[in-house]
Amino acid sequence: MEPTPAERYAEARRTREHPVTAEFADRQRFELDPFQVEGCRALEDGSSVLVAAPTGAGKTIVGEFAIHLAMRTPGDKAFYTTPMKALSNQKFRELQDVYGADEVGLLTGDTNINSHARVVVMTTEVLRNMIYARSSALDGLRYVVMDEVHYLADRFRGAVWEEVIIHLPDSVRLVALSATVSNAEEFGDWIGTVRGDTEVIVSETRPVPLEQHVLARGELLPLFDERGGSAGAEVNRELLRLGRGFVGGSSGGGPRGRRGRGSRPPQRPQRAGRLDRAQAIELLERQHLLPAIFFIFSRVGCDQAVLQVRRAGIRLTSREEREQIREIVRQRTAALQDEDLGVLGFYEWADNLERGIAAHHAGLLPAFKEVVEELFQRKLVKVVFATETLALGINMPARTVVLEKLEKFNGEARVPITSGEYTQLTGRAGRRGIDVEGHAVVHWSDGLDPHAVASLASRRTYPLNSSFRPTYNMAVNLIDQFGRDAAREILESSFAQFQADRAVVGLAREVRRAEESLEGYLQAMQCHLGDFAEYAGIRRELNDLEKKARRDREASKARQEQRRQKMANLKKQLQRHPCHQCDQREQHARWGERYYKLKRQTDKQRRQIESRTGTVARQFDRIVDVLVALDYVGIDGEAAALTDAGRTMKRIYGDRDLLVAESLRRGLWDRLDAASLAALACTLVYEPRRGEQGGDFGLPRGAFREALDQTERLWADLDDLEQDHRLPGTAPLAPGLAQAMHAWARGGLLDSVLGSADMAAGDFVRWAKQTIDLLDQISLVADGELARTARRALEAVRRGIVAYSGV
């Protein structure tokens, strides 16, 4: 619809008022969408901003504008945080292309490039650690972009996002970029509460429209009946007939009537039939719906799918494309050692890429994953079989997304995917500037309910719920910076608390106002003869007893006598009190009545706040009690202060912070060599797979075994202490990967290490990097020789495929 002259005039005026936004928009390759313009203008006006929009809508443009603003003023900085190293690496390369290598840095825990640049891309944990360490790198920081901020719902890492939002300096403007969540306004209100003026911008419009299909009976059937119109779209009747076990005949000469199976009589029961993967790919290719991502909720399933398609002889690339693929693979894997290529399945993987097919999952070597991502973005790989982690990851849009099943294993049972997950997965369909529309395809399977699919496709319920919980490291850092009482108040400002009961915010405000009034009432009832508050208290108690006596005439004689005696004593106290002789006694008493009435109401509100707010603050109190019991925090009267051990814990991050700090303090690891320390660190970070057998078979002997036994006994003691303080505790140590990590740190061959670990290369690299992260922390906080051993262990683990970095 054409804008009216008044609307055009208003837009022209807003453009004049935001010249930096207008100049930035003119430099883009495409016209900015209204929500992008709105976000940029809010930043130009000096506000923080929360932008919630679908995957692929272009939210990052608003983040890039914040960087543009920072670069306009000499000395100003901008940080761009992401939840994953792969995302950080990708954003680092993109920003280097815009601002040059000298102006852009990267910090991801295991990569440190140009960290003092004006624009630094980093994982969110790195920024949290900087804030607690009061790093000088924060000087001049003006903007922080938090990409994928909905990760704060992650139960393992989500608290880090809230810590950053709460503790960033007030002078920093925040740009929070989120997937479409159903409670964006609530989240934005919380950010506004803790960070000041914040604009909430929500867009539910996909930049590329999405067509929904079901792949059944050898063809793509629309999920919705187009005859119903978009406003009242109904489930396709043909799918409903399939769901009931009957195949309806086609009523016309359209695409649904072209295949033989589709023209059988409607009365005859028939299975809808399911194409195998090779046939499905051929169908998509004929209908020009490639490139496609097939989401399969299992790594093994992804690898088997590639093998199945390869055996079927599928080849989706031209000779020229195969040559390009070969060259890119050669360049990107040149750093890998020749003797490792066979172990990694390199040759079969490369051949699959040349066919235009690949798998993408966490078990894949990071170098291989990055090649798959690059080739897919270049339209050289046409089909990727991926687990759902791809939906949360890097920029890899496709023309079509295929869901083979609508249920997944959650670690305990097979459960249906949620509408939020469906939205996230299908958000990859449709490439802006390339596709007119994206396509989401659900592969038919027996028992599929078309109504359930339609419900997933049409609902947008994806609430963002806080997973915030205090940790030992968080507690010592907050106590050191703010003191115990202020730390408690800070935790009460978390999104977790905000969500627990938004009314608490209003109640706390009323209590603060009431406290001011109570102070005024106390002043008004002051008496020159004595303590009138004390006198008013006796008078109030007597008054209450008299009311009870009038109401409770059925009480026993003993009770009535007891009450009379107490009332007589109170009357004597009143008559003997100095204020009883005051000539302004009744005037003071009226203020006293107001005081006690308001105090009673305020005490009730305080109890409400205590009962509602208790969750986070009580957890903090219990953690502090444990820290006091172990002498990490000392209590002097009302004040709490860190001991030397507490100051050490400030720099230990992770779920095992207390166990690591206590092990270091007791010297449990002092006698370990580098390989044994690497193996022991691995037992602290490794999380065994479901059903994995424990035991100590094959574990290194000598000092390692003794240190492991002592650490396990210490863990048990700490677990008992945490249970005594009603804290959840941590999982037992997991030595399942210790032997393999020990062998790797001693220079073992990749083939034998992966064999003994019984683990995919990508998984081994992930755990090795987490081991490196812990060893790095130990090298910084431990004393003398242990610190040097940790550094040697770190270098011993960081070699070969573990040392590979895509940047």
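See above for the structure.
It should be emphasised that the depicted structure is a prediction, and the values quoted were computed from it without experimental measurement.

A. Expanded view of the nonpolar core. With 178 residues, the main nonpolar core has Leu-127, Phe-187, Leu-353, Trp-669 and Leu-737 as its most contacted residues. Ignoring any residue separated from it by four or fewer positions in sequence, one finds Leu-737 in contact with Cys-682, Tyr-686, Ala-757, Met-759, Phe-764 and Trp-767. Counting 32 residues, the second-largest nonpolar core is a separate cluster that includes Val-37, Ala-78, Val-104 and Val-119.

B. Structural detail: helix 11 (residues 299-311). The end-to-end C-alpha distance of helix 11 is 19 Å, a good match for the 18 Å that 13 residues give at a rise of 1.5 Å each. If you check which residues of helix 11 are buried, you get Gly-301, Cys-302, Ala-305, Val-306 and Val-309. Along the axis of helix 11, the buried residues cluster in a sector spanning 140°; they form a single face. Residues of helix 11 that are exposed and point over 90 degrees away from its buried face: Val-300 and Arg-311. Each element contacted by the buried residues of helix 11 is listed here: helix 10 (277-286), helix 14 (346-355), strand 14 (357-360) and strand 15 (383-386). Structurally, the start of helix 11 carries an N-cap: the backbone nitrogen of Val-300 is 3.3 Å from a side-chain oxygen of Ser-298.

C. Region of the structure containing the packing of aromatic side chains. This model, assessed by the stated rule, comprises 16 aromatic pairs. Here the aromatic rings of Phe-187 and Trp-190 are separated by 6.0 Å at their centres, their planes lie at 15°, and the arrangement is stacked. Residue Phe-187 and its partner Trp-190 are both found in helix 8 (residues 184-195); the two are separated by 3 residues, about one turn of the helix. Given the relative accessible area of 0%, Phe-187 is considered buried. Residue Trp-190 is classed as buried on the basis of its relative accessible area of 0%. Ring centres of Tyr-521 and Trp-591 lie 5.7 Å apart, and the angle between their planes is 40°; this geometry places the pair in the tilted category. Of the two residues, Tyr-521 sits in helix 21 (residues 503-524) while Trp-591 sits in helix 24 (residues 585-629), which places them 70 residues apart along the sequence. The exposure class assigned to Tyr-521 is partly exposed, which follows from its relative accessible area of 22%. Site record: aromatic cluster; members linked through ring pairs are Phe-187, Trp-190, Phe-495 and Phe-498. Above the ring of Tyr-632, the side-chain terminus of Arg-665 is found at 4.4 Å from the ring centroid.

Calculation notes
Chains are numbered independently. Their residues run from 1 in the order of the written sequence. This being a predicted model, a pLDDT of at least 70 is required before a residue's local features are given, and a value of 80 or more before pairs of side-chain atoms are given or counted; all residues contribute to the totals for chains, interfaces and linings. Values shown for side chains rest on all heavy atoms present in the structure; no hydrogens or waters enter the calculation. What is meant by a nonpolar core is a set of buried Ala, Val, Leu, Ile, Met, Phe, Trp, Tyr and Cys residues, joined one to another through side-chain atoms within 4.5 Å. Each residue is placed in one exposure class: buried if its accessible area under a 1.4 Å probe, protein chains only, is under 20% of its type's maximum, exposed if it is over 50%, and partly exposed if it falls in between. By definition in these notes, contact holds between two residues if any of their heavy atoms fall within 4.5 Å. Where helices and strands are cited, they refer to DSSP runs of H or I of at least four residues and of E of at least two residues respectively, numbered from the N terminus. Expected span of a helix, by definition, is 1.5 Å for each gap between consecutive residues, and there is one gap fewer than residues. Summarising the geometry, the arc corresponds to the directions from the helix axis toward the C-beta atoms. Pairing of N or O atoms within 3.5 Å defines a polar contact, subject to two protein rules: one partner must be a possible hydrogen donor and the other a possible acceptor, and residues neighboring in sequence count only if both atoms are side-chain atoms. Two rings from Phe, Tyr or Trp (for Trp, the six-membered ring) form a pair when their centres are within 6.5 Å of each other. A pair whose planes differ by under 30 degrees is stacked, one over 60 is edge-to-face, and the rest are tilted. Comment: the charge-over-ring label is applied if NZ (Lys) or CZ (Arg) is within 6 Å of the ring centre and within 35 degrees of the ring normal.

It is worth stressing that arrangement in space is one thing and function is another; only the former is reported here.
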